[in-house]
Amino acid sequence: MKSVDQFNMDTRSLEVFLAVLKENSVSRAADTLGMSQSAVSHTLERLRKALGDPLFVKSGRGIAPTRYAIKTGPHVRQILDELQSLSQGPPFEPATATFTFTIAANDYQRDLLLPALMRSLSEKAPGIRLQVIPSGIPGPAMLRDDICDLIITPHAPDTADIVQKSLLRDRMVIFYDASQRHPPGNLAEYLRARHVDVLFSGGEHTGLENSLQGRGLSRDIVVTVPNFSGLPEFLRGTNLLASAPLGMQHQLLRGFATAPLPFEYREVNLLMIWHQRYQTDAGHRWLRNELARVARAQTH
């Protein structure tokens, strides 16, 4: 009989195990859970040591579960279901709840999701107040120190005490004033063009700029602004380009023309992240579910 090191397991670790068992892939499980592949791999390694079994082994180009993993899967599912029922806590009534919920988000995420969330709160939970603060490039201290209850961001800290869930995916495109110029036809034209870009107040570049610099490429950035809301007035009536998420065509950058980037760049995976101490809090969970519902509506 195996001796299980229960102190090296938690519910999140077991959820990771079930996701990898279902997907037969570390990368697909990471996408499903909104985690990095390295975090999933690290969690599996801890489970292997705790359970005394490899759990998953290489099979061709992928992985396959061990016999132990296959037999253990249904039992783990039952354990999590039972723990979930225990953690429900006292009933939560949105209609009578009264508290302030603080969300950290930059202007893109704020304008894309939070007005619709506020409309939902006004209808279902009028006693809940929403406070929105800027997030910049967020760090775990914002959640650990109770500066906010939740962060919406494409940049999640890869730490064990921060929980994350994917809200929606977007892609980066070029925005420009079609009355002033044509879109760049290739990468060389894009790099030679004059750009307005976001440089967050903490001095952090956007992920796209970091990616270009990592490839040894540089753009002619003639002006930087501290958030996306500064882009429209610099674009309007000029030949400047701005690279931003396509979802902005419905809000901040409405009315500007768009064109695809002339190079491969990853999707923007917008996440909501929170500290694990609020994982089972009924009010927090209800707010997360409402935000997830609002995000799903954006993709339909």
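Now for a description of the structure that goes with this document. This structure is a prediction, so every number in the text was calculated from the model and none was measured.

### Some details on the overall build of the protein
A tally of helices and strands in the protein yields ten helices and twelve strands. Taken along its principal axes, the extent of the C-alpha atoms in the protein is 75 × 55 × 35 Å. Counting only residues that meet the buried cut, the protein has 47% of its 300 residues in that class. Contacts spanning at least 24 positions in sequence make up 73% of the contacts within the protein whose residues lie at least 6 apart. For the protein, the exposed surface amounts to about 15500 Å²; the carbon and sulfur share of it is 51%. Positive and negative charge centroids in the protein, built from 33 and 30 side chains respectively, lie 5 Å apart.

### Structural notes on the nonpolar core
Within soluble globular proteins, side chains that are nonpolar tend to cluster in buried spots. Core analysis: the largest hydrophobic core is formed by 45 residues, its most contacted members being L113, I152, F228, L231, L253 and L291. Dropping the residues within four chain positions of it, I152 is found in contact with I103, A104, A105, Q109, L113, L114, S135, L167, L270, L271, M272 and L291. In terms of nonpolar packing, the next biggest core, distinct from the first, is built from 21 residues, L14, V16, L18 and L51 among them.

### A few points about the sheet that holds strand β7 (residues 172-176)
Spatially, the three strands line up as an open sheet ordered β10-β7-β11, and their pairing is antiparallel. With one partner strand each, in any of the chains shown, β10 (242-245) and β11 (257-260) form the two edges of the open sheet. Direction aside, neighbouring strands of the sheet carry axes that sit 45 degrees apart on average.

### Comments concerning helix α8 (residues 207-214)
Among all positions of α8, only G207, L208, E209 and L212 are buried. In this structure, the buried residues of α8 make contact with β7, α7 (187-192), β8 (194-198), β9 (220-225) and β10. Of the residues trailing α8, G216 is marked for its positive phi of about 80 degrees.

### Focus on the side chain of D170
With respect to the secondary-structure elements, D170 resides in strand β6 (residues 162-170). Among buried charged residues, D170 stands out as having no salt bridge; its nearest opposite-charge side chain is R171, 6.0 Å away. A polar contact of 3.4 Å, which involves the side chain of D170, links it to the backbone nitrogen of L246. A distance of 2.8 Å separates the side chain of D170 from the backbone nitrogen of G247, its partner in a polar contact. Among residues more than four places away in sequence, those in contact with D170 are Y108, P245, L246, G247, E267 and V268.

### A closer look at the packing of helix α1 (residues 11-23) against helix α3 (residues 37-51)
Viewed as axis vectors pointing N to C, α1 and α3 meet at an angle of 105 degrees, and their least axial separation amounts to 9 Å. Taken together, α1 and α3 sit at an angle that is classed as roughly perpendicular. Taking contact as the criterion, the partners of S13, L14, V16, F17 and V20 in α1 are, on α3, V40, T43, L44, R46 and L47. Across the contact of α1 with α3, the residue classes break down as seven nonpolar, two polar and one charged.

### A look at the pairing of β7
In terms of residue burial, β7 counts as a mostly covered element, since five of its five residues are buried. Burial of β7 is two-sided: the residues M172, I174 and Y176 facing one way and the residues V173 and F175 facing the other way are all buried. Bridge count for β7 against β10 is four bridges, and the pairing is antiparallel. Across the sheet, the residue bridging to F175 is A242, located in β10. In terms of strand pairing, β7 meets β11 through four bridges, oriented antiparallel. Of the residues in β11, the one forming a bridge with Y176 is A257.

### A look at the pattern of salt bridges
Tallied over the full model, the rule gives twelve salt bridges. Here E15 makes a salt bridge to R12, at a shortest N to O gap of 3.2 Å. Placement of the pair is E15 and R12 together in helix α1, with a separation of three residues, close to one helical turn. Judged by its relative accessible area of 22%, R12 falls in the partly exposed class. For R219, the salt bridge is made with D197, and the minimal N-O distance between the two is 3.1 Å. Placement of R219 in the loop between α8 and β9 and of D197 in strand β8 is noted, with a sequence separation of 22 residues between them.

Rules behind the numbers
- Residues numbered from 1 in each chain as written.
- Predicted model: local features only at pLDDT ≥ 70, side-chain atom pairs only at ≥ 80, totals over all residues.
- Heavy atoms only, no water.
- Helix = DSSP H or I, 4+ residues; strand = E, 2+ residues; numbered from the N terminus.
- Buried < 20%, exposed > 50% of the residue type's maximum accessible area, 1.4 Å probe, protein only.
- Contact = heavy atoms within 4.5 Å.
- Areas by Shrake-Rupley, 256 points an atom, 1.4 Å probe, with all protein chains shown as cover.
- Lys, Arg positive; Asp, Glu negative; His and termini not counted.
- Charge placed at Lys NZ, Arg CZ, Asp CG, Glu CD.
- Core = buried A, V, L, I, M, F, W, Y, C linked by side-chain atoms within 4.5 Å.
- Pairing = 2+ DSSP bridges.
- Axes fitted to C-alpha atoms, helices over the stretch in contact; angles between N-to-C directions.
- Salt bridge = Lys/Arg side-chain N within 4 Å of Asp/Glu carboxyl O.
- Polar contact = N/O pair within 3.5 Å; in protein donor to acceptor, adjacent residues only side chain to side chain.
- Parallel < 35°, antiparallel > 145°, perpendicular 65-115°, else oblique.
- Nonpolar A, V, L, I, M, F, W, Y, C, P; charged D, E, K, R; others polar.

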